[in-house]
Amino acid sequence: MPTRQIGWNVSEVAFAAMYLLVAVQALVLAYGFTRRYVTWRRGRPYGPIDQVGERLRQALAVAFVHRRLIRPGYVYAGLMHLFIFWGFVVLFIGTLIVLLEADIARPYFGFSFYQGAFYVVYKLVINLFGLLFLIGLLMAVYRRYLQKLPKFRRSLSDDAIVLGILLFLGLTGFLLEALRLSATRDEAAPIHWVAYPLSLALNGVDPSILAGAHAVTWWSHMLANTALLVYIPVSKLAHIVTGPTNVFLRATDARAALPLIANIEEQEHFGVAKLDDFNWKQLVNFDACMRCGRCLDFCPTFNTGKPLKPRQLIVEVGAYMNRRAGLFAGPAGPRINEAGVRGSELTSPDEPSLAQVPLAAELIGDVVSEDELWDCTTCRACMEQCPVRIEHVPLIVEMRRNLVLEQSRFPQELVLLFNNLERNGNPYSFPASSRADWAGAAGVQELSGVADPSELEVIYWVGCMSSFDARNQRVATALAKILTAAGVKFAILGKEESCSGDPARRAGNEYLYQILAQTNIERLNQYQPKRVVASCPHCFNTLKNEYPQLGGTFEVVHHSQLIQELIDSGRLRVAPVAVRDGRMAYHDPCYLGRYNQVYDAPREVMNRVEGGFVELPRCRDRGFCCGAGGARAFMEEKRGTRISHNRLNEAIGTEASGVAVACPFCVTMFEDGVRALNVEERFAVRDIAEIVADGL
Ligand code: SF4
Ligand code: SF4
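Computed from a predicted model, the values in this text were never measured in an experiment.

Colleague: Any chance you could explain the site of ligand 1 here in plain terms?
Modeller: Around ligand 1 there are 13 residues in total, and C299, C376, C379, R380 and C382 lie nearest to it. Grouping the amino acids of the shell around ligand 1 by side-chain chemistry returns nine nonpolar, three polar and one charged.

See below:
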């Protein structure tokens, strides 16, 4: 009956030493993670944790099925991680099975299961997962060191240490087996189907030499295993525990909304100036990063040479947090210098490193620069791609809040934005009374002039950009034409509408946001709208997802959704527009797509009206921002290259004749872009409402 002698060539002393090492490993692991937990709990209170079952399900799905790891565009990386993870887990379980047989089943119960059919299956499976483990590691070596991806241009020593130890463990595991098979002339050798060919190669070697080599390999394997387990809590491998923990703790309430500062009038402290100002759930984010770099792939700041790189921000604040807690920060400390990616001068070689930052350093300024904080467009590309659901945007906005509300430190351009919002209820210097000036010519009525507002089907929330900007007034006019053609009874708030508050909130001015939001909520409540349609995704997101935090709950749709609905129901008949010079590309606005998962409605409208569209390489949840979000539309783009040009060049590089959008900010960014790139004659920028209105 096939089996093997457990502990062949391993002395009693060696076994005792092994158990001692296992005890050390367990203690260090427990100590390391307990210290991390204590560090997190220094943050402000958070909770209660709701939906525990669902959170657990998602955390386990990420940990064991790699649900967010294996997705379009990341099949190689996902499989690589899956092979390494499951290879390690199965090999670990395999070791436990052997110990169960040797130390419990046989001595205490006089029973043996490690033989016969079980043994055969065990060996076949262990060899399979050992091989997958090695394949996964070799894939990782290729990806990190040979593929030369910009995001891995400079790898941390941590990566090399982790990969080195794991490779050593995988190889010595098979070598141990081959040495034993060859030295003992094991008749069941062929079932060890990966180690067997190696054992054949060793068959001519003297058995005493094989036994000596086996002893040396056994000890080195054991010590490497100890090094690995001791290293886990202080290295990127901590994500094995902290990653699923972060997924478990992710925000489930108002997914697309920023956290509300409740009772803001009574607060004396705003946002985050130091680590302890984060709540403890937010602090977990900084420990969860697995350094995969997916947050960089579609990040507009990283890809246009700006200081903000979301992975770097998370890793560095994490290292800073652990240093301050007296924990060994691991090699994560020094800055990840990604200089030179995609031809841009990203960072200077003498960029300050955390190694030089004294422990008393400030979080904002020394660890995270103000430029990094202000460069973020809040596009959410990082959050969407992050496998362990790190929530970069709320973390960044918390620090902006402190800069704005407590320290009055913000870019000069925002002074004008805040002043205009306070005085005029719009980001510009137009008086509030001129908000509906465009409407008369478009035949649109204001709610104040409607005899019975309850008869209205929808209120059209125009937004500041389409109310005041001449180019975007054409979009508002086009949408009004569509609603009229479909027989939709509608009106606008007009002079009673104020800015939704989105730019103030994203810029960190929560106080101003809440004033604007409360005013709008009161107005809307006064009219009791059946539905609100917004042509600006920023307004759409704020009204739909953020006003409920302040008691304003309305049914809000984006104009792309309403247009699709009107076409589907037959209320809107649109003659297909003659496609003259080729189809247009469709660009996903971040606040429509990633924030609200409205990907299909605008595409469906394009299909119906234009007979199709060009899908851009970076599309849907992997779309690339136009550069306007996060109040960036109101700030100068001083660092790196222009985000809108990066996106436009992508669209121009296709066969598209122009770019269709569904957001007034995208219209403005791209209109400016086509002029700057000198392609306005041949490359059009149009909102889908304009395209539909052309077909009426
Ligand atoms: S929200 Fe967008 S701009 Fe900001 S860090 Fe994430 S990907 Fe980059
Ligand atoms: S923040 Fe998330 S996406 Fe970015 S490197 Fe870390 S784990 Fe990967």
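Colleague: What should I look at first to understand the site of ligand 2 in this one?
Modeller: Around ligand 2, the surrounding shell holds 13 residues, and the nearest of these are C289, C292, G293, C295 and C386. Residues that form the shell around ligand 2 fall into these classes: eight nonpolar, two polar and three charged.

Colleague: Can you walk me through the pattern of salt bridges in this structure?
Modeller: Where side chains of opposite charge bring their charged atoms close, a pairing between them can arise. Considering all chains together, one arrives at 40 salt bridges under this definition. Of the charged contacts, one joins E637 and K306 as a salt bridge, the two residues approaching to 2.9 Å between their closest N and O atoms. Note that E637 is positioned in the loop between β6 (614-615) and α25 (643-652) and K306 in the loop between α10 (294-297) and α11 (310-324), a separation of 331 residues in sequence. On the basis of relative accessibility, which here comes to 14%, the residue E637 falls in the buried class. For K306, a relative accessible area of 2% puts it in the buried group.

Colleague: Explanation requested: the packing of aromatic side chains in the structure shown.
Modeller: Each aromatic ring pair is specified by the distance between its two centres and by the angle formed by the two planes. The tally for this structure, following the rule as stated, stands at 21 aromatic pairs. Centre to centre, the rings of F64 and W86 are 6.0 Å apart; their planes meet at 45°, and the pair counts as tilted. A residue pair is termed long-range when its members are at least 10 positions apart, and F64 in helix α2 (residues 52-65) and W86 in helix α3 (residues 75-109) qualify at 22 residues. Where Y428 meets F430, the ring centres are 6.2 Å apart and the plane angle is 70°; that geometry is what we call edge-to-face. Through a chain of ring-to-ring contacts, the aromatic side chains of F111, F113, Y114, F118, Y119 and Y122 assemble into a single cluster. The side chain of R41 reaches across the aromatic face of W280, ending 4.4 Å from its centre.

Colleague: Just checking my understanding: could you explain the pairing of strand β8 (residues 684-687) for this structure?
Modeller: Two faces make up the sheet, and in a regular strand the side chains alternate between them. Of the two faces of β8, the one holding V685 and D687 is buried and the one holding A684 and R686 is not buried anywhere. Crossover handedness for the path strand β7 (residues 658-661) to helix α26 (residues 664-676) to β8: right-handed.

Colleague: Can you help me understand the sheet that holds strand β1 (residues 458-461) in this one?
Modeller: Within a beta sheet, neighbouring strands are joined by backbone hydrogen bonds and run either parallel or antiparallel to one another. Read from one edge of the open sheet, four strands run β2-β1-β3-β4, paired in parallel fashion. Whereas interior strands pair on both sides, the edge strands pair on one side only; in this sheet they are β2 (490-492) and β4 (556-558). Mean inter-strand twist for the sheet, computed between neighbouring axes without regard to direction, equals 30°. As defined by bridge partners, strand β3 (residues 532-534) adjoins β4 across three bridges and the pair is classed as parallel. Paired with V532 across the bridge in β4 is V556. Contacting β1, β3 and β4, helix α22 (residues 537-546) crosses the sheet at an angle of about 160° to β4. Packing of helix α23 (residues 559-568) onto the sheet brings it into contact with β3 and β4, and relative to β4 it is tilted by some 85°.

Colleague: When you look at helix α4 (residues 116-146) in this model, what are you seeing that I'm missing?
Modeller: Since there are 3.6 residues in each turn of an α-helix, residues three or four apart along the chain are aligned in direction. The end-to-end C-alpha distance of α4, which contains 31 residues, comes to 44 Å, matching closely the 45 Å that a straight helix rising 1.5 Å per residue would cover. Downstream of α4 by a residue or two, K148 has a phi angle that is positive, lying close to 55°.

Colleague: Sorry if this is basic, but what is going on with the domain arrangement of the chain here?
Modeller: One frequent convention defines the size of an interface as the accessible area lost when the parts assemble. Structurally, the chain comprises domain 1 (50-246), domain 2 (266-405), domain 3 (444-568) and domain 4 (585-694). The C-alpha-based centres of domain 1 and domain 3 are spaced at 57 Å.

Each value, and the rule that gives it
- Residues numbered from 1 in each chain as written.
- Chains lettered and ligands numbered in written order.
- Predicted model: local features only at pLDDT ≥ 70, side-chain atom pairs only at ≥ 80, totals over all residues.
- Heavy atoms only, no water.
- Near = heavy atom within 4 Å.
- Nonpolar A, V, L, I, M, F, W, Y, C, P; charged D, E, K, R; others polar.
- Salt bridge = Lys/Arg side-chain N within 4 Å of Asp/Glu carboxyl O.
- Helix = DSSP H or I, 4+ residues; strand = E, 2+ residues; numbered from the N terminus.
- Buried < 20%, exposed > 50% of the residue type's maximum accessible area, 1.4 Å probe, protein only.
- Phe/Tyr/Trp six-rings, centres within 6.5 Å; stacked < 30°, edge-to-face > 60°.
- Lys NZ or Arg CZ within 6 Å of the ring centre and 35° of its normal.
- Right-handed = clockwise from strand over helix to strand, strands pointing away.
- Pairing = 2+ DSSP bridges.
- Axes fitted to C-alpha atoms, helices over the stretch in contact; angles between N-to-C directions.
- Contact = heavy atoms within 4.5 Å.
- Expected span 1.5 Å × (residues − 1).
- Domains from an automatic or database assignment.

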